[in-house]
2 protein chains.
Amino acid sequence: MATLVTAPRGMRDFLPAEKARREHTLGVIRGVYAHHGFDEIETPVVEDSSRLHAGLGGDNEKLAFAVMRRGITTEDLHAATAPLELADLGLRFDLTVPLARFYASHRAELPTVFRAVQIAPVWRAERPQKGRYRQFVQCDIDVLGEPGRLAEIELVQATGEALAALGVQGTFVRINDRRILTALLGTWGVSDADAPHALVIVDKLDKIGAAGVAGELVGLPSLTGRDAAGLQDTLTALATADWDSVTGAEWLDAAAFADLLSLREALPDVDLRFDPTLVRGMGYYTGTIFEVAHPDYAYSLGGGGRYDGMIGRFLGQDVPAVGFSLGFERLVDLVTIPDAQTTDAVALVFDRDVDPAVLATIKREVMVDHARVRLERRTKNMKNLLAGLVAGGYGSFASVSADTASATDLDFKPLT
Amino acid sequence: MATLVTAPRGMRDFLPAEKARREHTLGVIRGVYAHHGFDEIETPVVEDSSRLHAGLGGDNEKLAFAVMRRGITTEDLHAATAPLELADLGLRFDLTVPLARFYASHRAELPTVFRAVQIAPVWRAERPQKGRYRQFVQCDIDVLGEPGRLAEIELVQATGEALAALGVQGTFVRINDRRILTALLGTWGVSDADAPHALVIVDKLDKIGAAGVAGELVGLPSLTGRDAAGLQDTLTALATADWDSVTGAEWLDAAAFADLLSLREALPDVDLRFDPTLVRGMGYYTGTIFEVAHPDYAYSLGGGGRYDGMIGRFLGQDVPAVGFSLGFERLVDLVTIPDAQTTDAVALVFDRDVDPAVLATIKREVMVDHARVRLERRTKNMKNLLAGLVAGGYGSFASVSADTASATDLDFKPLT
């Protein structure tokens with residue numbers, strides 16, 4: 001019986017306490033992003049299948065859940081040569097492809113520079129494992145139509161303040177630029193054809209170390225015969241590079257680095273750390289890339305970058321774009337709901353013989369002065385009942401008997 | 001190009017103004033339901049396919065979007081005899097089936113009487129038409145584990161207050177009981193086997209009138225040879241029945257009617273109208289059924305009823321249950337966002353030569369005193385820009401030039 005009633009594999013039910021924590025967290029993030037002038041939008045959870053499989057989602061495309069066409073006949077099944085032929089829709093695997101489609105569809109109705117917030121679930125058919133789910137929430141902000149560094153400044157400021165508002169202090173931001181990475185690969189002799197693959201390899205530096213990355217790099221056609229040990233030394237040095245150590249370096253794209261320095265100047269309150277080995281997975285990034293981290297956590301709290309070429313794939317005209325995504329599912333575990341939300345929640349514990357009509361009237365009276373009022377039938381096991389109320393965030397309770405005529409007769413006792 | 005970038009058929013994108021209106025509406029509903037002691041939960045958007053097609057969803061099961069199994073081979077395609085054999089999941093078509101599954105899974109962690117709020121999208125592959133969408137939001141409240149009329153009282157009170165808080169005044173509630181309907185059908189000679197079909201026919205009274213319903217009823221096996229004209233007269237009389245006119249009627253289930261009268265007594269502030277022809281579509285209702293309406297609107301604003309047998313289908317043990325669903329997509333069109341939300345939203349219109357770092361600092365200063373601050377690049381067509389700000393809910397704006405050193409230099413002008 002038990003397996004029959006669980007949520008689908010890799011997905012979760014949220015009970016009241018966890019749901020409240022999630023909604024509280026989302027509310028704080030929403031508030032900060034609205035404060036910064038971002039506008040929330042929403043798109044359907046499914047997109048046309050051909051759009052999801054247009055090559056903009058990288059490896060995520062393979063993880064998309066496919067939705068079957070309606071009205072498929074047995075003949076259709078037998079004529080099909082691949083499952084996707086039977087799908088006309090798919091659950092979105094990110095919020096970036098839908099945003100690009102949305103912007104192309106509604107551009108005339110949007111501000112010239114559009115600051116979008118999207119807070120919504122996405123789906124990926126990954127092998128379920130601890131901390132990785134098949135349905136999870138993404139919190140994305142994107143600035144579309146702003147070519148200058150103002151876009152990056154606003155994104156980094158808004159993100160930092162969202163984290164601070166959630167009580168996550170002490171974060172820092174690793175920053176790099178895809179142009180710096182591309183130039184760096186060029187100095188190693190990586191061909192344009194090998195560059196995308198080389199970026200995927202460098203992205204594994206944290207996981208497989210400088211020796212591992214160097215070993216894989218010399219397997220690229222354009223690096224055949226190169227000295228792996230030399231590359232390893234270079235990578236080791238790069239991994240600890242900072243703003244000062246790279247100044248004047250031969251491999252450094254000077255224009256891109258000047259842009260990063262100007263960001264640093266414009267964000268004096270942000271702990272911005274230059275990291276020339278930061279790649280970020282997606283193939284569509286074209287400029288600045290960044291990642292928010294915290295010294296206490298091995299994982300990043302979010303990241304993003306500039307992807308100037310992507311909107312054009314739908315619009316037929318390039319639009320500058322920068323986006324940032326918070327890792328909501330990790331973040332929500334770090335957040336605690338303030339006590340203030342529970343102090344004004346009260347329960348009325350009523351006896352079996354109380355008239356429901358009288359009880360309903362008393363409840364309404366109590367609701368005038370309290371934020372949450374829950375009715376609870378008195379049970380033999382009061383200890384359990386009261387413990388449940390505490391867990392549910394209730395601060396006090398009063399007993400209602402058949403003699404209770406109105407709310408003024410009630411005697412509230414604190415819980416805990 | 002245009003068709004390539006639209007939302008999937010029958011589904012909608014929400015632009016900032018509409019998204020804000022929806023979130024505002026949801027926030028008000030959430031607040032009222034929390035105030036009444038209801039707890040919000042969340043389930044995944046998909047359920048196991050076998051669960052969605054277990055016979056609890058009525059006609060909605062046929063409208064479920066099916067999600068394909070991963071890893072389907074060409075051999076699987078050719079061996080399949082029906083499309084559902086290739087699906088292991090489906091998008092939920094309502095929030096009641098997931099709630100029953102959730103409750104069966106988590107009962108031990110929930111209060112004895114569980115008051116659930118679910119505010120979430122559902123999907124139905126209906127033929128798209130005006131006002132009917134393939135993805136739409138349902139707002140459900142359910143009381144599980146309370147056999148007495150207290151459950152109905154709390155649901156009707158909470159719903160009425162949610163509507164009032166949204167500014168929808170003057171609603172009334174049509175109420176009936178499935179037991180009254182069943183007894184009524186019995187007096188006409190409808191057999192138990194024909195009863196479900198007879199209910200579907202009576203449910204069409206608004207649409208096809210008393211003559212139409214009588215005509216269809218006499219087509220039922222157990223009513224063969226019955227006089228359609230006599231039934232039509234009965235139906236016409238029932239359609240205008242009220243609390244007083246039915247008192248003592250022979251067809252009236254006295255116990256069920258006494259329960260309805262006690263609800264009426266317990267809800268003196270609610271305009272509760274007895275309607276013995278009210279059916280509500282779903283087959284799972286077992287007792288009270290109700291529908292909220294407004295004299296200005298032809299459609300109902302929501303409805304619900306008691307479905308004591310359903311949870312048992314998953315739990316293996318009956319649990320009393322009453323639910324109410326607000327018609328969110330209709331309701332949201334009736335709601336206007338209060339002006340107060342726009343007065344504290346301001347825009348900073350900046351010249352091309354303003355240093356982004358200075359601009360970012362000024363923005364932060366202005367944010368201290370304002371709820372929303374948006375940066376806007378000055379354009380030749382200022383009229384358009386200012387109109388866009390008004391549409392976006394901004395109340396005033398100030399210009400920022402290269403000479404502006406800080407927020408104290410700004411001169412805010414009202415937008416209107």
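Residues numbered from 1 in each chain as written. Chains lettered and ligands numbered in written order. Predicted model: local features only at pLDDT ≥ 70, side-chain atom pairs only at ≥ 80, totals over all residues. Heavy atoms only, no water.

## Describing the packing of aromatic side chains
Evaluation of the coordinates by the stated rule reveals 18 aromatic pairs over all chains. Aromatic pair A:Tyr284 and A:Tyr307: ring centres 5.6 Å apart, planes at 55°, arrangement tilted. Taken together, the residues A:Tyr284 in the loop between β8 (272–274) and β9 (288–294) and A:Tyr307 in the loop between β10 (297–306) and α11 (311–315) connect sequence positions 23 residues apart. Assessed through its relative accessible area of 15%, A:Tyr284 is described here as buried. Here B:Phe257 and B:Phe274 contribute two aromatic rings whose centre-to-centre distance is 5.1 Å and whose plane-to-plane angle is 70°, an arrangement assigned as edge-to-face. One end of the pair, B:Phe257, is in helix α10 (residues 254–266); the other, B:Phe274, is in strand β8 (residues 272–274), and 17 residues separate them in sequence. With respect to class, B:Phe257 is no different from B:Phe274; both count as buried. (Phe/Tyr/Trp six-rings, centres within 6.5 Å; stacked < 30°, edge-to-face > 60°. Helix = DSSP H or I, 4+ residues; strand = E, 2+ residues; numbered from the N terminus. Buried < 20%, exposed > 50% of the residue type's maximum accessible area, 1.4 Å probe, protein only.)

## Digging into the interface of chain A and chain B
Chain A puts 92 residues into the contact, and the matching count from chain B is 92 residues. Where chain A abuts chain B, roughly 8000 Å² becomes buried across the two surfaces, and 56% of that area is made up of carbon and sulfur atoms. The largest per-residue losses of area from chain A upon contact with chain B belong to A:His35, A:Glu42 and A:Met68, which jointly make up 8% of the total buried on that side. Linking chain A to chain B there are 20 salt bridges. Applying the counting criterion to the chain A and chain B interface returns 43 residue pairs in polar contact (both at pLDDT 80 or more). Broken down by element, the residue count for the side of chain A that touches chain B peaks at seven residues, all from helix α14 (residues 356–367) of chain A. Split into classes, the residues belonging to the side of chain A that touches chain B amount to 49 nonpolar, 15 polar and 28 charged. (Contact = heavy atoms within 4.5 Å. Buried area = accessible area lost by both parts, 1.4 Å probe. Salt bridge = Lys/Arg side-chain N within 4 Å of Asp/Glu carboxyl O. Polar contact = N/O pair within 3.5 Å; in protein donor to acceptor, adjacent residues only side chain to side chain. Nonpolar A, V, L, I, M, F, W, Y, C, P; charged D, E, K, R; others polar.)

## Observations regarding the pairing of strand β6 (residues 135–144) of chain A
Residue and element names in this part refer to chain A. In terms of residue burial, β6 counts as a mostly covered element, since 10 of its 10 residues are buried. Residue alternation in β6 divides its side chains into two sets, Gln135, Val137, Cys139, Ile141 and Val143 and Phe136, Gln138, Asp140, Asp142 and Leu144, and both sets are buried. Note that strand β5 (residues 114–123) and β6 share 10 bridges and pair antiparallel. Residue pairing across strands places Ile119 opposite Cys139, the latter belonging to β6. With six bridges joining them, β6 and strand β11 (residues 321–326) adopt antiparallel strand pairing. If you follow Asp140 over to β11, its bridge partner there is Ser325. (Pairing = 2+ DSSP bridges.)

## Here's the deal with empty space enclosed by the protein
With the rule as written, the count across this model stands at four cavities of 30 Å³ or more. Roughly 630 Å³ of volume is contained in the largest cavity. For the largest cavity, the lining is made up of 32 residues, of which A:Ile119, A:Ala120, A:Pro121, B:Ile119 and B:Pro121 are closest to its centre. Of all the secondary-structure elements, those providing two or more residues to the lining of the largest cavity are α1 (16–35), β5 and β6 of chain A together with α1 (16–35), β5 (114–123) and β6 (135–144) of chain B. Residues belonging to the lining of the largest cavity are distributed by class as follows: 14 nonpolar, five polar and 13 charged. (1 Å grid on protein atoms, 1.4 Å probe; cavity = no way out; pocket = protein on both sides within 12 Å on 5 of 7 lines; lining within 4 Å. Points joined across faces, edges and corners; volume = space filled by probe spheres on them.)

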